[in-house]
Structure formats: C-alpha cells, structure tokens
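# Structural characterization, general
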Number of protein chains: 2
Amino acid sequence: MTVDVLVEGRHFRRDWSSGYDVGRRAAAASLADVVAMGARPTALVVALAAPGDLELAWAEALTDGLADEAGTVGASIAGGDVSGAESVTVSVTAIGDLEGRPPLTRAGAAPGDRVVVIGRLGWAAAGLALLERGEAEHPLADAHRRPLVDYDAALAAARAGLLTSLIDVSDGLVADLGHVAEASAVRIELDSAALPVPAELAAAARSFGIDPLEWVTTGGDDHAFAGTVAPPDVVAAVANGALLVGTVTGGPPTVVLSDRPTPAHGGHEHFS
Amino acid sequence: MTVDVLVEGRHFRRDWSSGYDVGRRAAAASLADVVAMGARPTALVVALAAPGDLELAWAEALTDGLADEAGTVGASIAGGDVSGAESVTVSVTAIGDLEGRPPLTRAGAAPGDRVVVIGRLGWAAAGLALLERGEAEHPLADAHRRPLVDYDAALAAARAGLLTSLIDVSDGLVADLGHVAEASAVRIELDSAALPVPAELAAAARSFGIDPLEWVTTGGDDHAFAGTVAPPDVVAAVANGALLVGTVTGGPPTVVLSDRPTPAHGGHEHFS
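Conventions adopted
- Residues numbered from 1 in each chain as written.
- Chains lettered and ligands numbered in written order.
- Predicted model: local features only at pLDDT ≥ 70, side-chain atom pairs only at ≥ 80, totals over all residues.
- Heavy atoms only, no water.
- Contact = heavy atoms within 4.5 Å.
- Buried area = accessible area lost by both parts, 1.4 Å probe.
- Salt bridge = Lys/Arg side-chain N within 4 Å of Asp/Glu carboxyl O.
- Helix = DSSP H or I, 4+ residues; strand = E, 2+ residues; numbered from the N terminus.
- Nonpolar A, V, L, I, M, F, W, Y, C, P; charged D, E, K, R; others polar.
- Buried < 20%, exposed > 50% of the residue type's maximum accessible area, 1.4 Å probe, protein only.
- Axes fitted to C-alpha atoms, helices over the stretch in contact; angles between N-to-C directions.
- Parallel < 35°, antiparallel > 145°, perpendicular 65-115°, else oblique.
- Left-handed = near helix turned anticlockwise from the far one by under 90°.
- Least-squares fit on C-alpha atoms with pLDDT ≥ 70 in both.
- Pairing = 2+ DSSP bridges.

### Some points on the interface of chain A and chain B
Contacts between the two partners involve 25 residues from chain A and, on the opposite side, 26 residues from chain B. The three residues of chain A that bury the most area against chain B are A:Met1, A:Val3 and A:Arg10, which together make up 29% of that side's buried surface. In this structure, the connection of chain A to chain B is made through two salt bridges. A salt bridge links A:Glu86 to B:Arg10; the nearest nitrogen and oxygen atoms lie 3.7 Å apart. Within the residue set of the side of chain A that touches chain B, elements represented by two or more residues are strand E1 (2-7), strand E2 (40-50), strand E3 (76-84) and strand E4 (89-97) of chain A. Residue composition of the side of chain A that touches chain B, by class: 14 nonpolar, seven polar and four charged.

This is how it looks when you write it as structure tokens:
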C-alpha cells in the first residue's frame, strides 16, 4: 500500500495540464510504487480537495485519467473522498497483490550485480523545463503532463525473479539508486555512456546549453524503474526490455557516474 | 480500503485543535469506515500537504495522533507522502482484514430488524458549536477535537454475526441511515425517546435554545456506528453494548423520526 500526493502549483499547473493528464500522472505515481515492490496493482482510492469553483468537467476528466491509467495495469478505482479546499490536492493510494512472491526491496543488491533501467529517464524534467520556457506544444512537454510507465516490463521481470532490488525513479536516478546503495550497503557505478539520451532530449538540452545527462540522472516524474540483476539473470533481463546502465561493487554506499562528477543535487525540484 | 481527507479551515482549525488531535480525528475517520464494513483495520497510509512554515512539532504531533488512534485497534502506519501546499490537508487511507467474513454493507436491512447505535451521537456537533461561540475549554469541545470511537464493540458485533447492515455515522444519523434505507429498500423509523441525550448535551443545547436531537440526528464527526439487527440477535447485540433506537419496516425508502419532523437537512455542514 502506498500513497502519493499531487498539489496544484507544486506538481502541476492547471494551465499546463488537463484534468485528464493530472489523473494519469497522479495514478502513475502510486501504481509505479506498487510495481516497484514487485506487486501487481489491484485498486486505487483517491482523495480530492478542491475549490468549490473547480469545473465539474475538470474533476470528471481527472477521474477518467485516474481510471484509464489504473486500467493499463488491470487495477480499478475502489473509492474516494472529496472536500473543499483553497487549491487542488490529489492524493492517490494504491494497493497491490504480491501473488505469493516476497516483496522486492531496496536492500537486495549485491556486488557483482548489474544495474538496469526500465522506462524513460529525464523526459519529464525536460518537458517541465520547456513548459517553464513557454513551449507548451513541444512533444517533450507531454512527458511532463503524462508519464509513459512500462509497468508490464517491470512486473514481468519481478515475476520471473530476475531482480535483486527495484525502485521507482521519482526523485531522480542518482537519488533513488542512492537509497538502494544505502539499504544494500553497496557502491553503484553508473556508466554515463550507457544512459539513454534520445535525440529529442539531446536537442532540447542543447537549446538550454546543458548536458542532457543532468535531466537523465536527476529528473523524476517519468516513473522509470531502476533495479539490480544478478549475473546469471542479465541476459533474461535484457531480453525482457531492461537496459544495462551500471554495475554494483563493494565499498562505501554511494552512487557514482563514470567520466563526470556525480550530480550534487540528486533530487527533483518542484516548480514553486 | 477507504480514504478520508481533512482540510484545514474546513474540518479543523489549528487554533482549536492540536496536531495530535487532528491526527486522532483523521485516523478515526478512516478506521471507522473500515470497521463499518465489518473488517479489522490493519494499516494506514497518510498524505500530508502543508505549508513550508508548518512547525515540525505540529507535524510530529499529527503523526503521534495518527499512530495512537491506529494503535487502539491494533493497526499501524505503513507509509506516507509529504508535499508543500498553501494549507494543511491530511488524507488518510486505511485497509482492513475481513478475517474471512463477507463485508457488511448498507444493503442488508430487512423489515422487522431493529436499528442500533454504537457510540456517541451529536457530541462533536455540539463541541463545534461551542468552539464557534468561543468556549474552547468546554468539555464537549474535546468531542469535536478528538472523537471517542467504540471500534471494539462494533467489531465484536460484526464478528459475532449480529448485524444485517452497518455504517459509520459521518454525515449525521438520519443522512447515513438514509443510505441504508435506500440500499436496503426499507423504511427506518427512529424512536426519538430512545436516542441518547446525555445531560451535558441537553444543557449545551438549552444554552443555544435548540433541541439537542438536532445535534444527535444530524451531527457527524463522532464516528458512531449505526446498523440493523435481526430479531433473534437483538438481545445479544444489546448485551454487546448496542443501543436500540428504532425499527425497520417496509415501505418507500426513507428515515423518519417519531413525534417530530425529520430534520430537513440531514448532513453535517463544515464550518466554512
């Protein structure tokens, strides 16, 4: 069971995102947390606090977005509560079914494991930067509005027993893998050249004069999964869609990036 | 699984209630919902949205209140999320264990059943009225700050199979029994003389020049339980602490009060 809260003006703006988009994103945050434990999400409950003058259509679109995102993993909305408030706050709680497996935690990584990523990294951070620059129509802006989460690949890897640890990247790859490093008492070395930088992300980064790996290593909100795989399972994990991005070694718990300084702030910032 | 949201300025005021009180009340709202399904609450998750200048001590007291209220039924806090926001919003999701029993619903009442109440009615409404009149030290004001919910008696009745329906009175006795009447397609007749009016409630009502049954029949926030019991189980239910307050008959679904008009507005009003 896990809860995530999205607050207007902090996590979304109604002039940037539709009610439907906010619903998709709010559901994704909680569903990804459940999948990151290795469980199949089964149900959501939603608490909405909103001003009395919030358009009914916006709230209905929010509910549609929540239900549609839940539907992508076969989960449903089991209930909710609504209250008046000064601004819009959406809290989504999700529960899941481990289907008899032990939960995947942050504590299972061991030296020799490979680090894998399933899903997009840095797209939502780039989209937010573009929205802040006024480029609401940029294709990457949609990645901020509505994450595209590969629940199925992560859950398949969990069901196949391929993962020794798993997390949902919500605060940034380095920050979240830092939790794995701490909990597992291992050093994690990320291979900069292996981190995925699609052309559109590279182009957007150039337009800001920054290294796209900043977004890739510190951006949250894409709800990618990062985990670790023991050597005998690496081939199966890659066949299952996981991308190899680093290695686990012994040493003081930390996350380092090859050929460049590890980003100092390893967490996402909200926009207020 | 159920969620309830409390919003500052709507459900509580920080000058009237301590963080600990708000925690107790927020947890009670969700725990009572779980018990009203006939389930034993097992865990809570909490989403807190709050201004950056909220005192840490207030948030810690909130957490203590949540944990202590959960502890009264053997449940624990399983997780949470925190975000910045303009005002304080506390969303509490609770899950429970039916222990192999089917859930108690609103749809099981049948003509001939007796109506029972477990817990206080109208105390929190009286307390709120007193707080609004500036009487923060009145003993009834504490009933608004922190409900005293008899989870154990309700759960014992559910475990013993004594109830044909059960609800948590959160919007007022008449309004919530109205849901039972609708779902069960029955008429519910409440006996005004059987509704509990303790002396302190009667005295407070006199000081406002109102009938105390207004609070008793329309007040929410005490999280009393109301339900129905089939004739053979009435003695056992009463022995278990349930109070007989009415009868279920056939007829168009409605709730009526003996000797007086049924309160027109049968739901609680927030104070903003």
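### A look at the environment of B:Asp221
Residues and elements named next belong to chain B. For Asp221, the location among the structural elements is in the loop between helix H8 (212-218) and strand E8 (224-229). Assessed through its relative accessible area of 17%, Asp221 is described here as buried. When the C-alpha positions of Asp221 and Val256 are compared, they lie 21 Å apart, and in sequence the two are 35 residues distant.

### Comments concerning the packing of helix H1 (residues 19-35) of chain B against helix H5 (residues 151-159) of chain B
All names here are of chain B. At their nearest, the axes of H1 and H5 sit 10 Å apart, and the two run at 15° to each other. One way to sum up the angle between H1 and H5 is to call them roughly parallel. Relative to H5, the crossing made by H1 is left-handed. When H1 is examined against H5, the residues Ala28, Leu31, Ala32 and Val35 are found in contact with a partner set consisting of Tyr151, Ala154 and Leu155. Here the contact of H1 with H5 is built from residues that sort into seven nonpolar, no polar and no charged.

### Some details on the relation of the copies chain A and chain B
When chain A is fitted onto chain B, the two copies agree to an RMSD of 0.0 Å after a turn of 180° and an axial shift of 0.0 Å. Taken together, the turn and the small shift mark the pair as related by a two-fold rotation axis. A share of 100% of the interface residues of chain A reappears at the interface of chain B, consistent with the copies meeting face to face through the same patch.

### Examining the pattern of salt bridges
Inspection of the entire model under this criterion finds 28 salt bridges over all chains. Linking A:Glu8 and A:Arg14 is a salt bridge whose minimum nitrogen-to-oxygen distance equals 2.9 Å. By relative accessible area, A:Arg14 is classed as partly exposed at 28%. As a salt-bridge pair, B:Glu99 and B:Arg40 come within 2.9 Å of each other at their nearest N and O atoms. In this pair, B:Glu99 is assigned in the loop between strand E4 (89-97) and strand E5 (114-118) and B:Arg40 in strand E2 (residues 40-50), connecting sequence segments 59 residues apart. Among the residues examined, B:Glu99 registers a relative accessible area of 33% and is labelled partly exposed. It is possible to trace a salt-bridge network through shared partners that takes in A:Arg40, A:Asp97, A:Glu99, A:Arg101 and A:Arg159.

### Topic: the sheet that holds strand E5 (residues 114-118) of chain A
All names here are of chain A. Read from one edge of the open sheet, six strands run E6-E8-E5-E9-E7-E10, paired in mixed fashion. Strands with a single pairing partner mark the edges of an open sheet, and in this sheet they are strand E6 (165-169) and strand E10 (254-257). Direction aside, neighbouring strands of the sheet carry axes that sit 25° apart on average. Note: strand E7 (residues 187-190) against strand E9 (residues 243-249), four bridges, orientation antiparallel. In the strand pairing of E9, Ile188 is matched with Val248.

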